[in-house]
Amino acid sequence: MNENMQQYLDKAQVLIEALPYIQRFNRKIIVVKYGGSAMVDEDLKKQVIEDVTLLKLVGFKPIIVHGGGKEISKWVGKVGMEPQFINGLRVTDADTMEVAEMVLGKVNKSLVQHVEELGVRAIGISGKDGGLLRVDKKLSGGEDIGFVGEVKKVNADILYDLLEKDFLPIVCPVGMDDDFNTYNINADDAACAIARAVKAEKLAFLTDIEGVYKDPEDPKTLISELRVDEAQKLMADGYIGGGMLPKLQNCIDAIENGVSRVHILDGRIPHCLLLEIFTNRGIGTAILNGEESRYYHGE
Ligand SMILES: Nc1ncnc2c1ncn2[C@@H]1O[C@H](COP(=O)(O)OP(=O)(O)O)[C@@H](O)[C@H]1O
Ligand SMILES: CC(=O)N[C@@H](CCC(=O)OP(=O)(O)O)C(=O)O
């Protein structure tokens, strides 16, 4: 067999290996939280969008919930304010809220544009549209941090309707309270609330670190399988900081409320989503309930 033919056969083999995963997730909802560096780097952005589009085209039902924290901070700085975070949440006064909503709206439409370019119908909505995300004011450690929302209600019907009509929903983390004031929602919180509401099969957080470390200073301490009680202990013992705190809390919340699979993936790895879903490589950190394993039986 010549070298060319072997290359084609290898490609065919990759597709065949994906078959059981395609069957397992067929018509299942997968929520992808898209944030961190993978949003800033244009090549990575293209690859993430390609991955999600491919998931859609092979019969999954993906929903993208995006962040844009770095972009918001850039623009907050440009208008002469200083970005401020408490426990991974942005302190959001009225001016910051205005900037955040503008930036997130722009990010949302640019993602729609990328997906549409690949021939898949995408609809970009914020949590304001159709009352998708209703919030209460969220405090951080008892402290008032401004217009930061805690999701209290998700209108899942909008998402079901869009999926039913074969659209790829792309959600930006802005919502309203009962008095129709605008709130900034941490995108991890929004993704978790949505995954719970639609009973997603999988929730994948794409971020800019390999996964959860026991010791953030030591890459050798990356945790591949993290059980809920272990995660709680890591947080209580102070091993988790910054934006990883709300992320891990949301992972636990999702897994304890009916989302079957929850993963933190390194969005800097090209095609990390495809690798996680279609191969047995076990990248990133899987958050698990009880004794289950991140690997499916028979793998
Ligand atoms: N134990 C830990 N393991 C991994 N990351 C951690 C840990 N503690 C703190 N972090 C920080 O959390 C960050 C991820 O959160 P964040 O920057 O908010 O991600 P995103 O923007 O993707 O939501 C990492 O880049 C890292 O600096
Ligand atoms: C309240 C709060 O913190 N909101 C976030 C919303 C965007 C976000 O979460 O973006 P990433 O996922 O890219 O970090 C913020 O203003 O940065």
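Note that the structure is predicted; figures quoted are calculated from it, not measured. (Residues numbered from 1 in each chain as written. Chains lettered and ligands numbered in written order. Predicted model: local features only at pLDDT ≥ 70, side-chain atom pairs only at ≥ 80, totals over all residues.)

1. Observations concerning the overall build of the protein chain
To keep it simple, the criterion reads: Runs of E in the DSSP output that reach at least two residues are strands. Runs of H or I that reach at least four are helices, and both are numbered from the N terminus. With the radius of gyration taken over C-alpha atoms, the globule rule is written as 2.2 Å times the number of residues to the power 0.38. Exposure criterion: with C-beta atoms placed from backbone coordinates, a residue whose C-beta has 20 or more other C-beta atoms within 10 Å is buried, one with 12 or fewer is exposed, and one in between is partly exposed. Contact criterion: two residues are in contact if their C-beta atoms, reconstructed from the backbone, are within 7 Å.
Looking only at helices and strands, the protein chain features ten helices and 16 strands. Expected size for 299 residues packed as a compact globule is a radius of gyration near 19 Å; at 19 Å, the protein chain falls within 12% of this value. Across its three principal axes, the protein chain shows a C-alpha extent of roughly 65 × 45 × 35 Å. Per-residue burial for the protein chain yields a buried fraction of 42% across its 299 residues. In the protein chain, the share of contacts with a sequence separation of at least 24, taken over all contacts with a separation of at least 6, comes to 71%.

2. Things to note about the sheet that holds strand 16 (residues 285–288)
This is how it is decided: We call two strands paired when DSSP finds no fewer than two bridges between them. An axis is simply a line fitted to the C-alpha atoms; with a helix, the fit covers only the stretch in contact. Between two such axes, the angle follows the N-to-C directions and lies from 0 to 180 degrees.
The eight strands are arranged 5-8-2-1-11-15-16-14 in an open sheet whose pairing can be described as mixed. A single partner strand is all that each edge strand has here, and the edge strands are strand 5 (122–126) and strand 14 (225–227). Looking at each pair of strands side by side, their axes are set apart by 20° on average, direction ignored. Here strand 11 (residues 202–207) runs beside strand 15 (residues 261–266); their pairing, made up of six bridges, is parallel. When the bridges of strand 15 are listed, Leu206 appears paired with Leu265. Sheet contacts for helix 3 (residues 42–57): strand 1 (29–34), strand 2 (61–66), strand 8 (168–172) and strand 11; angle to strand 2, the most-contacted strand, approximately 150°. Set on the sheet, helix 6 (residues 156–164) makes contact with strand 2, strand 5 and strand 8; between it and strand 8 the angle comes to about 145°.

3. Comments concerning the nonpolar core
Definition in use: The nonpolar core criterion groups buried Ala, Val, Leu, Ile, Met, Phe, Trp, Tyr and Cys residues into a set whenever they are joined through C-beta atoms within 7 Å.
Val31, Val171, Ala190, Ala191, Ile194, Ala195 and Leu203 are the most contacted members of the largest nonpolar core, which has 80 residues in total. Broken down by element, the residue count for this core peaks at eight residues, all from helix 7 (residues 187–197). For Val171, the contacting residues outside a window of four places in its chain are Ile63, Ile64, Val65, Ile125, Gly127, Leu132, Ala190 and Ile194.

4. Observations regarding the site of ligand 1
Heads up, the rule is: Using a C-beta atom placed from the backbone for every residue, we mark a residue as near a molecule or strand if that atom lies within 6 Å of it. Note on residue classes: Ala, Val, Leu, Ile, Met, Phe, Trp, Tyr, Cys and Pro are nonpolar, Asp, Glu, Lys and Arg are charged, and everything else, Gly too, is polar.
Close to ligand 1 lie 19 residues, the nearest being Gly35, Gly36, Thr207, Gly243 and Met244. Looking at the shell around ligand 1, the elements that each hand over two or more residues are strand 12 (212–213) and helix 9 (244–256). Residue composition of the shell around ligand 1, grouped by class: seven nonpolar, nine polar and three charged.

5. Notes on the packing of helix 4 (residues 69–78) against helix 5 (residues 94–117)
Put simply, the rule reads: Small angles under 35 degrees read as roughly parallel and large ones over 145 as roughly antiparallel, with 65 to 115 read as roughly perpendicular and the rest as oblique. Crossing handedness is read from the near helix: turned anticlockwise from the far helix by less than a right angle, it gives a left-handed crossing, and turned clockwise, a right-handed one.
Closest axis-to-axis distance for the helix 4/helix 5 pair is 9 Å, and the angle between their directions is 130°. By the criterion of interaxial angle, the relationship of helix 4 to helix 5 is oblique. For the pair helix 4 and helix 5, the crossing hand works out as right-handed. Where helix 4 abuts helix 5, its residues Glu71, Ile72, Trp75 and Val76 lie against Thr96, Val99, Ala100, Val103 and Val107. Looking at the contact of helix 4 with helix 5 residue by residue, the classes come out as seven nonpolar, one polar and one charged.

6. With respect to the UniProt feature "binding site: substrate" (unreviewed entry) in the protein chain
The line we're drawing: UniProt positions are given in the numbering used here, feature names are shortened, and annotations may be inferred rather than shown by experiment.
As recorded in UniProt, the feature "binding site: substrate" (unreviewed entry) lies at Gly68, Gly69, Arg90 and Asn184. In terms of the greatest pairwise C-alpha distance, the residues named above, spread along 117 residues, form a tight cluster of at most 11.7 Å across. Within the secondary structure, Gly68 sits in the loop between strand 2 and helix 4. Not counting the four nearest positions on each side in its chain, Gly68 is found in contact with Met39, Val103, Leu104 and Val107. Position of Arg90 relative to the elements: it lies in strand 4 (residues 89–90). Assessed through the 22 C-beta atoms surrounding it within 10 Å, Arg90 is described here as buried.

7. Details of the pairing of strand 5
Burial of strand 5 is extensive: four of the five residues sit out of reach of the surface. Pairing of strand 5 with strand 8 involves five bridges; the strand directions are parallel. Note that in strand 8 the partner of Ala122 across the bridge is Leu168.

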